[in-house]
Every structure is written in C-alpha cells, then in structure tokens.
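Residue strings, one per chain:
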Amino acid sequence: MEGPYKLLFLLISGLKKWEENKETVPEKVHQGQRLFIRECAKTGVEPPIVLPNFIRLLERPSGKWGIPNMQNLFPPDASLLDKEIGVTIEAEDFLEDFQSPDEYEQSVMKRILLYCRDLTLDNKYREIRTFLSNPKHAVIPFYKIYELKSKLNDVELANLFHACYEEMENADQHRRCPHCGWTLEWKNGHWRCNKESICHSLKDFKDLEHFPQTDQKLFRLTPGIQKYILLPGMSEMWLAEKLRKKGLLVTLYPNVDQYDILAEANDKRILMDVKDYRSPFQLAQYINRNVYKLEDELWYVIPDYRVKLFPGYIETVKSLLKNNENTLFKVVSEKQAIKEAEWRLK
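Below you will find a few notes about this structure. Fair warning: this is a prediction, and the values are worked out from it, not measured in the lab. (Residues numbered from 1 in each chain as written. Predicted model: local features only at pLDDT ≥ 70, side-chain atom pairs only at ≥ 80, totals over all residues. Heavy atoms only, no water.)

## Notes on the sheet that holds strand 8 (residues 218–221)
Pairing within the open sheet is antiparallel, and its three strands lie in the order 3-8-4. A strand with exactly one partner marks an edge of an open sheet, and here the two such strands are strand 3 (139–141) and strand 4 (165–167). Taking each pair of neighbouring strands and ignoring which way they run, the sheet shows an average axis angle of 35 degrees. Pairing of strand 4 with strand 8, which is carried by three bridges, proceeds in the antiparallel orientation. The partner of Tyr 165 across the bridge, within strand 8, is Leu 221. (Pairing = 2+ DSSP bridges. Helix = DSSP H or I, 4+ residues; strand = E, 2+ residues; numbered from the N terminus. Axes fitted to C-alpha atoms, helices over the stretch in contact; angles between N-to-C directions.)

Next up, the structure:
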C-alpha cells in the first residue's frame with residue numbers, strides 16, 4: 001500500500017471505529033495522522049500536530065490538504081468528516097472499495113461473496129442478495145432471519161447472513177422509511193434514513209408509519225448493508241424486472257456476482273453492473289482501476305435517482321475516464337439501459 005492510499009484507509013477505518021466508541025481514539029487514527037505528517041513533510045506543508053487541529057483539517061475538502069497525489073485517490077471537493085453526520089459518504093465509499101487481504105478488515109458481504117465463490121454457491125449467493133435487496137426485509141422479526149438461515153443449510157454462511165442484521169432498539173422512536181423500508185431516526189429537526197438520507201429525495205416523509213408492536217425482537221439491516229446492498233439492490237431488482245418485461249432472459253448475479261445482471265436474447269448478451277457512488281469522481285476511479293480486466297462488454301448502470309439528484313453525473317464520469325476509446329464498457333442510466341438493451345438484443 002502506497003503512502004496516501006494507506007493514509008486514507010487508516011484514517012477512515014479509524015474514524016469509523018471512533019464513531020462506534022467515542023471514549024478512546026483508535027490507534028489507526030494516530031497511525032493515519034503520523035502518515036499524514038510524513039506526507040506533509042514531503043512538500044513543506046505545515047503538519048497538524050495537535051489532534052483537535054488535525055480533526056478540523058479532516059473536515060475540509062481533501063484538495064486543500066496540500067498532499068500530492070491525493071487528487072488521484074479521493075474526490076478533491078470531499079472531506080473525510082462532516083460535523084452533522086460524522087464520517088462522510090465519500091469516505092465510506094472509499095472504505096467499501098478498499099481491497100484488504102485481511103479477513104477481519106472485510107465487510108460481511110465481501111466475506112459472503114468470497115465464501116460463495118470458493119464453494120461455487122451461485123444459487124445460495126443469489127438467494128441472499130435477493131433477500132437483502134427487498135425493502136420488506138429491511139426490518140424483520142427474528143423468525144424471518146431464522147427461516148432463511150435454516151434454508152441455507154450451511155452454518156458458516158448462515159452466520160454470515162445473520163451478521164447482515166443488528167437488533168433494533170427503541171422501535172417506538174423510529175419510523176419506517178417509505179422508500180427502502182429501513183429505520184428513520186429523528187436528527188437535527190428532521191427524519192433521516194441512514195447518513196445520506198437519499199430516500200428523503202425519493203419519497204414524501206409525511207404521515208410516516210410506525211413499526212408494529214410485537215413480542216418478538218425486531219432486527220434491521222446494518223447501516224452498511226442498507227447503503228451498499230439494499231439501495232442499489234432495489235435498482236437491480238427494478239432493472240431486472242423491466243428487462244424481463246421487454247422479453248429478455250435475465251439472470252441476477254451470474255457466476256456468484258461476477259456482474260449484477262446478465263441480459264440475453266437471440267444468442268446475444270449484455271452484462272450490467274449497477275453502481276451507486278455519491279461522487280462521480282469515485283465511480284470514474286473505480287472504472288479506471290477495473291476496465292483493463294474486461295473480456296465482455298459491460299454496462300455501468302447509474303440509478304436514475306442519482307442522475308436526477310446530480311444533473312450531469314454521467315457526463316462528469318465520462319470526462320474523468322482514462323479509457324474513453326475502450327468499446328467494452330458504457331456508462332448509462334437505468335432508463336438508457338432498458339431502452340438500449342431492448343434495441344441491442346432484439
């Protein structure tokens with residue numbers, strides 16, 4: 001791991017741990033600060049020695065830190081910390097993409113993916129992903145978790161699936177999100193669905209539904225699963241259904257999630273990956289890192305809500321790509337994907 005890349009990983013993962021336990025500053029934060037000071041020394045930038053000053057600096061856009069090569073790794077207009085939500089969405093997206101060789105550093109969904117790939121459990125992986133992508137399963141009683149765990153008939157995989165949920169406390173203080181079914185929390189004078197609260201832009205938050213009173217404990221998807229599996233998964237399910245209605249043969253997560261969607265007709269096929277980065281910079285960086293691996297044509301599909309919230313999102317991504325001449329990939333919206341897939345495959 002090179003300096004700036006390792007610096008970002010240590011800081012973001014450390015700050016996430018600090019969010020969970022405010023009493024102790026994690027060692028990774030200190031390690032990240034030391035690396036930060038070392039990088040500052042290379043360019044003569046005055047380093048932030050005192051921790052409170054360092055934290056205030058992390059609330060500023062990374063483009064103002066004065067560290068060379070940072071602009072190639074992280075959006076220059078984004079910070080690591082936000083006073084209202086803590087660790088920023090862009091920082092969490094960086095951590096989600098981070099490829100760690102250490103199992104304990106991996107998210108539970110990555111561990112499920114690797115486990116299913118090792119044992120070629122294509123159908124079981126598809127069953128888990130489909131389950132977690134259903135808004136009706138965003139908050140469920142324990143027996144629902146138990147039902148799927150029993151059906152999986154694999155102790156290790158069942159335990160990993162269970163780890164996608166956390167017990168929900170004080171259900172009466174939450175409301176059900178009308179878009180994704182997850183938990184709304186009252187913060188700073190308004191209802192918020194997870195950190196980004198993108199659902200508020202998609203549904204009316206008036207007349208919100210309470211969670212039912214029950215003797216059984218309720219469990220909700222962990223915040224990471226809600227953001228990285230449920231929300232894009234809803235787009236994947238919607239896109240797959242629309243393509244099927246166009247008469248195409250659709251497979252979700254073929255070859256244990258080699259891609260999100262395989263659409264076929266008339267001996268032709270198109271592969272699709274739904275990508276929901278808040279920052280078009282980070283999506284472009286992802287494509288730039290992975291495009292050389294492509295052997296088949298792949299469409300990167302941006303959820304329509306992302307395009308609506310960020311006019312010019314797709315154009316910005318394309319402007320940052322290093323392989324625009326490569327004809328093996330396209331960047332399209334959901335609506336474009338449906339329209340062009342029908343035309344290309346029929």
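Here the narrative resumes.
## Some details on the pairing of strand 13 (residues 329–333)
For strand 13, the buried fraction is high: four of the five residues fall into the buried class. Strand direction decides the pairing type here: strand 12 (residues 298–302) and strand 13, joined by five bridges, are parallel. Pairing of Tyr 300 across the sheet is with Val 331, part of strand 13. (Buried < 20%, exposed > 50% of the residue type's maximum accessible area, 1.4 Å probe, protein only.)

## Some words on the packing of helix 9 (residues 223–245) against helix 14 (residues 334–345)
Between two packed helices, the angle of one axis relative to the other and the distance separating the axes together describe the packing. Running from N to C, helix 9 and helix 14 cross one another at 25 degrees; their axes reach a closest spacing of 10 Å. On the basis of their axis angle, the class for helix 9 and helix 14 is roughly parallel. Crossing of helix 9 against helix 14: the hand is right-handed. Side by side, helix 9 and helix 14 meet where Ser 235, Trp 238, Leu 239, Lys 242 and Leu 243 of the first sit next to Glu 334, Ala 337, Ile 338 and Ala 341 of the second. Partitioning the contact of helix 9 with helix 14 into residue classes produces six nonpolar, one polar and two charged. (Parallel < 35°, antiparallel > 145°, perpendicular 65-115°, else oblique. Left-handed = near helix turned anticlockwise from the far one by under 90°. Contact = heavy atoms within 4.5 Å. Nonpolar A, V, L, I, M, F, W, Y, C, P; charged D, E, K, R; others polar.)

## Here's the deal with the state of the cysteines
Applying the stated criterion to the full structure yields zero disulfides. Here Cys 199 stays free of any disulfide, with the sulfur of Cys 177 as its closest cysteine sulfur at 3.7 Å. Among the residues examined, Cys 199 registers a relative accessible area of 1% and is labelled buried. (Disulfide = S-S within 2.5 Å.)

## Here's the deal with the pattern of salt bridges
Within the structure shown, the criterion is met by 24 salt bridges. Between Lys 151 and Glu 127 there is a salt bridge, and its shortest N-O distance comes to 2.9 Å. Of this pair, Lys 151 sits in helix 7 (residues 142–152) while Glu 127 is found in helix 6 (residues 122–132), placing the two residues 24 residues apart along the sequence. For Lys 151, a relative accessible area of 59% corresponds to the exposed category. The exposure class assigned to Glu 127 is partly exposed, which follows from its relative accessible area of 24%. In this structure, the salt-bridge partner of Lys 330 is Glu 340, at a minimum N-O distance of 2.3 Å. Here Lys 330 is found in strand 13, whereas its partner Glu 340 is found in helix 14, with ten residues between them in sequence. Residue Lys 330 is classed as partly exposed on the basis of its relative accessible area of 25%. Exposure remark for Glu 340: the relative accessible area of 23% places this residue in the partly exposed category. Put simply, Glu 90, Glu 196, Asp 276, Arg 278 and Arg 306 are held in one network by salt bridges that share partners. (Salt bridge = Lys/Arg side-chain N within 4 Å of Asp/Glu carboxyl O.)

## Observations regarding unusual backbone geometry
Notably, Asn 170 is not glycine yet its phi reads approximately 50 degrees, a positive angle. Unlike most non-glycine residues, Asp 257 shows phi in positive territory, near 65 degrees. Residue placement: Asp 257 occurs in helix 10 (residues 254–257). Given a relative accessible area of 14%, Asp 257 falls into the buried group.

## Examining the pairing of strand 6 (residues 183–187)
Both strand 5 (residues 175–176) and strand 6 contribute to a ladder of two bridges, which runs antiparallel. Residue pairing across strands places Arg 175 opposite Leu 184, the latter belonging to strand 6. Between the end of strand 5 and the start of strand 6, which pair antiparallel, lie six residues, with Gly 181 showing a positive phi angle near 85 degrees. Looking at chain direction, strand 6 and strand 7 (residues 190–193) are connected through four bridges and run antiparallel. Within strand 7, the residue paired with Trp 186 across the bridge is Trp 191. Hairpin geometry of strand 6 and strand 7 is characterised by an intervening segment of two residues between the two adjacent antiparallel strands and by a positive phi of about 50 degrees at Asn 188.

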